[in-house]
Amino acid sequence: MSTILFELGCEELPPKSLKPLRDALQASVTEQLTAADITFDSIKAFAAPRRLAIQIQGISDKQPDRTEQKRGPAIKAAFDAEGNPTRAAMGFAKGLGIEASELTTINTDKGDYVGFEQTIRGQATTELLPAIFQTALDNLPIAKRMRSGASRNEFVRPVQWAVLMQDNTVIDATIQGHQTSTQTRGHRFHSPDYHNIAHANDYEELLSGLKVVADFDKRQMLIKNQVKALADEVNSDAIVPQDLLDEVTALVDFPIALRASFEARFLQVPQEALISTMQADQKYFCLTDKTGKLQPYFIFITNIESKDPNQIIEGNEKVVRPRLADAEFFFLQDQKQPLFALTESLKNRVFQDKLGTIWEKSERIAKLAAFIATLMQQQGHDINVDETVRAGILSKADLASSLVGEYPELQGIAGTYYARLNDEPEAVAASLEEQYLPKFSGDVLPQTPIGICLALADRLDTLVGIFAIDQAPTGSKDPFSLRRSAIGILRILIEKQLPINLVALVEQAIKGYSDAESSKIAKMGDTFTQVMAFLNSRYRAMYTEQGVSVDTIQAVQAINPHMPLDFDQRIRAVQAFSELSQASMLADSNKRVANILAKSEVSVADTVNETLLSESAEQNLYANVKQAQTVVQPLLEQADYTQVLQTLASLDEPLTQFFDQVMVNSEDAALKNNRLALLKQVRALFLTVADISELQL
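Residues numbered from 1 in each chain as written. Predicted model: local features only at pLDDT ≥ 70, side-chain atom pairs only at ≥ 80, totals over all residues. Heavy atoms only, no water.

1. Some words on the overall build of the protein
Okay, so step 1: Counting secondary structure elements, the protein contains 26 helices and 20 strands.
Okay, so step 2: Taken over C-alpha atoms, the radius of gyration comes to 36 Å for the protein, far larger than the 26 Å a tight globule of 697 residues would show.
Okay, so step 3: For the protein, the spread of C-alpha atoms along the principal axes amounts to about 105 × 95 × 50 Å.
Okay, so step 4: Sorting the 697 residues of the protein into buried and exposed places 48% on the buried side.
Okay, so step 5: Put simply, of all contacts in the protein between residues at least 6 apart along the chain, 69% involve residues at least 24 apart.
Okay, so step 6: Accessible surface, the protein as shown: approximately 33,100 Å² in total, 48% of it carbon and sulfur.
Okay, so step 7: Computing the positive centroid from 68 side-chain charges and the negative centroid from 91, the protein places the two 5 Å apart. (Helix = DSSP H or I, 4+ residues; strand = E, 2+ residues; numbered from the N terminus. Rg over C-alpha atoms; globule rule 2.2 N^0.38 Å. Buried < 20%, exposed > 50% of the residue type's maximum accessible area, 1.4 Å probe, protein only. Contact = heavy atoms within 4.5 Å. Areas by Shrake-Rupley, 256 points an atom, 1.4 Å probe, with all protein chains shown as cover. Lys, Arg positive; Asp, Glu negative; His and termini not counted. Charge placed at Lys NZ, Arg CZ, Asp CG, Glu CD.)

Have a look at this one:
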């Protein structure tokens, strides 16, 4: 058992790719070692701006020997009548480099064959490793590779050196065109020369002394701890997005956090704009107070241990000032006219060639949002329809602002700031930002009633319009993010407990286009069907992500509920039903009932003739069905589907006895049809919630 060290030294690697490259390298090497039957105790990957490395401890010195069985021709074809080997047997033996007399007999279910067992000696680990590491490098997820100078070797960045060693000895190889050695390099500025690695176990400690924290995760933890300490000094919280943290970690070998400041006057600018420019352009960590309000500080990570940190701090303050000043300029320019005035330019901005301008979309959103607000009013929600219309008209106004032009990610957010400055009602102002929620899977939902209306109206309008012009998503292509929009619609209606029918919403969205005088959409007939099918198809993606089984989703989809909240309630009821001891038997019985009814050659009656119930088992089932119908009806009116299925679980035993003791397909047509009618009532009871026959229990 020994330790292997591999290191590839490069020019600075792409920071956004460093962590994925590290993980892919370790995964590939691990997979290849396992496939080669080489055992090891542990494997660890390192990643820093100028290196990728793998350290494998407790690795076996060689592959284990293995025995391979080679099977040749059948015994009948291998030997003649006198028992002498035929040409087939001799040819097989010659191919293995042995005499025909060394062949053995292999017994199989299909007959006896000649064969031979040979021992394959395992290769030394050191012989296999160069190819393993080169293959791992070749398979890294690199979008675009480059060649350096006259070299024909390609990699994400020019390679400078390669280390491959077993304990204290070099494993002689050429990797990425570089001869392997025990020579590594330290920090580009603090320790730029080559240094010898005495032993593979010394790697991390040696680099630490050379001002390189090679372990990506350790380096990241150092950054987090330093940032927190500096933030605590000014009683603030640092905004540390994981993507930004990963990128900053990939930019430095030896992280040192410093805190700088900017003029307090910039805090009048929407803090989202300031945060955006400091994070995206400068890779800074911004600070907020305990209420989330931006503070005039930022923390940055330097890769140099400076004797005079103040110079570095002043340099960063000087660099960030013009960027904050730009944001301030755009913000002040936009305030020279009210937000509503910006809507005028939307009349010349195209939403989509066949769907008109952004202004026309705003008008459609306003009408559809007002329709939804009216429905919410009828359900007891406190919402002002006139304010909803106003919010719809202003919903896209900030797209014409200078601030959003410079920072597109501020759409909606900028509108909220400007609406408040213009003394628009708070309900209107808050909704302009909320209309874009949720932005991604698992994101927060709009909180205000008007925000909910805008979020639904915006998505429905886009969904209907894009389907109407035959640009529905295909395969992996979804340029308008319709799948995400559809799930957003479902989530809002379900999680906000809104009992609103999708049919009404889609029809109203279609009406918004058909009523438009300048509508270029000629056909709307199939749009409703296509949009409804698309929305219903999103249930599966949404619920499987929550861990709901596919058969549970199919059981509810089979009865095609049009209200997402109702759909969700049925899903939860079927999940609870699946846990019951009777569930499996009832699911099988429902399948049997469905098959029997499907094969019926006559129309099955809805009512049962009690006088024709001759068998005690069918009389018992009928009595239980009648009782269940009585109990279930008020539960259905309350949408208490869980209790409905709990009640129907009592049909398990009567239904089992019925199938055990009663011949459904009686020769007496009257008895047969009456029994079919009874099964039809059983089936109808379960279908009030879901098609239980779809369950695979």
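Once you've had a look at it, read on.
2. Comments concerning unusual backbone geometry
Okay, so step 1: For the bond from Leu437 to Pro438, the omega torsion is -5°, close enough to zero to count as cis.
Okay, so step 2: Within the fold, Pro438 resides in the loop between helix H15 (426–434) and helix H16 (449–468).
Okay, so step 3: The residue Gln176 is not glycine, and still its phi comes out positive at about 50°.
Okay, so step 4: Assignment of secondary structure puts Gln176 in the loop between strand S11 (174–175) and strand S12 (178–179).
Okay, so step 5: The buried category is assigned to Gln176, whose relative accessible area is 5%.
Okay, so step 6: We note that Asp470 has phi near 60°; this positive angle belongs to a residue other than glycine.
Okay, so step 7: Looking at the element boundaries, Asp470 is found in the loop between H16 and helix H17 (482–495).

3. Remarks on the pattern of salt bridges
Okay, so step 1: Applying the stated criterion across every chain, the model contains 35 salt bridges.
Okay, so step 2: Two residues, Asp215 and Lys44, come together in a salt bridge whose shortest N-O distance is 2.8 Å. Residue Asp215 is located in the loop between helix H5 (203–209) and helix H6 (216–233), and its partner Lys44 is located in strand S2 (residues 42–48); the two are separated by 171 residues in the primary sequence.
Okay, so step 3: Between Lys62 and Asp65 there is a salt bridge, with its nearest N and O atoms 3.2 Å apart.
Okay, so step 4: Here the residues in one salt-bridge network are Lys361, Arg364, Lys396, Asp458 and Asp461, joined through shared partners. (Salt bridge = Lys/Arg side-chain N within 4 Å of Asp/Glu carboxyl O.)

4. Structural notes on the sheet that holds strand S6 (residues 111–120)
The strands that make up a sheet pair up through hydrogen bonds in the backbone, lying either parallel or antiparallel.
Okay, so step 1: One open sheet accounts for 3 strands, arranged S4-S6-S5; its pairing is antiparallel. A strand with exactly one partner marks an edge of an open sheet, and here the two such strands are strand S4 (66–74) and strand S5 (104–108). Neighbouring strand axes in the sheet, compared pairwise and without regard to direction, differ in orientation by 45° on average.
Okay, so step 2: Pairing analysis gives 5 bridges linking S5 to S6, with the strands arranged antiparallel. (Pairing = 2+ DSSP bridges. Axes fitted to C-alpha atoms, helices over the stretch in contact; angles between N-to-C directions.)

5. Observations regarding the sheet that holds strand S3 (residues 51–59)
Okay, so step 1: Reading across the sheet, the 5 strands line up as S2-S3-S1-S9-S10 and stay open at both edges, with antiparallel pairing between neighbours. Lying at the two open borders of the sheet, with one neighbouring strand each, are S2 and strand S10 (169–170).
Okay, so step 2: With 7 bridges connecting them, strand S1 (residues 2–10) and S3 associate as antiparallel partners. When the bridges of S3 are listed, Glu7 appears paired with Ala53.
Okay, so step 3: Where helix H4 (residues 125–138) meets the sheet, it contacts S1, S3 and strand S9 (159–166), and its direction lies at approximately 35° from that of S1.

6. Quick notes on helix H9 (residues 309–334)
Okay, so step 1: Between the first and last C-alpha of H9 there are 38 Å, a value that for 26 residues agrees with the 38 Å anticipated at 1.5 Å per step.
Okay, so step 2: In H9, a bend of some 25° at Val320 exceeds every other bend along the element, and Pro322, a proline, comes one to four places later.
Okay, so step 3: Those residues of H9 that fall on the buried side of the exposure criterion are Ile313, Asn316, Glu317, Val320, Leu324, Ala327, Glu328, Phe330, Phe331 and Asp334.
Okay, so step 4: Among the structural elements, strand S16 (256–261), helix H8 (271–280), strand S18 (294–302), helix H13 (402–406) and helix H14 (413–421) are those in contact with the buried residues of H9. (Expected span 1.5 Å × (residues − 1). Bend = angle between axes of the 7 residues up to and from the residue.)

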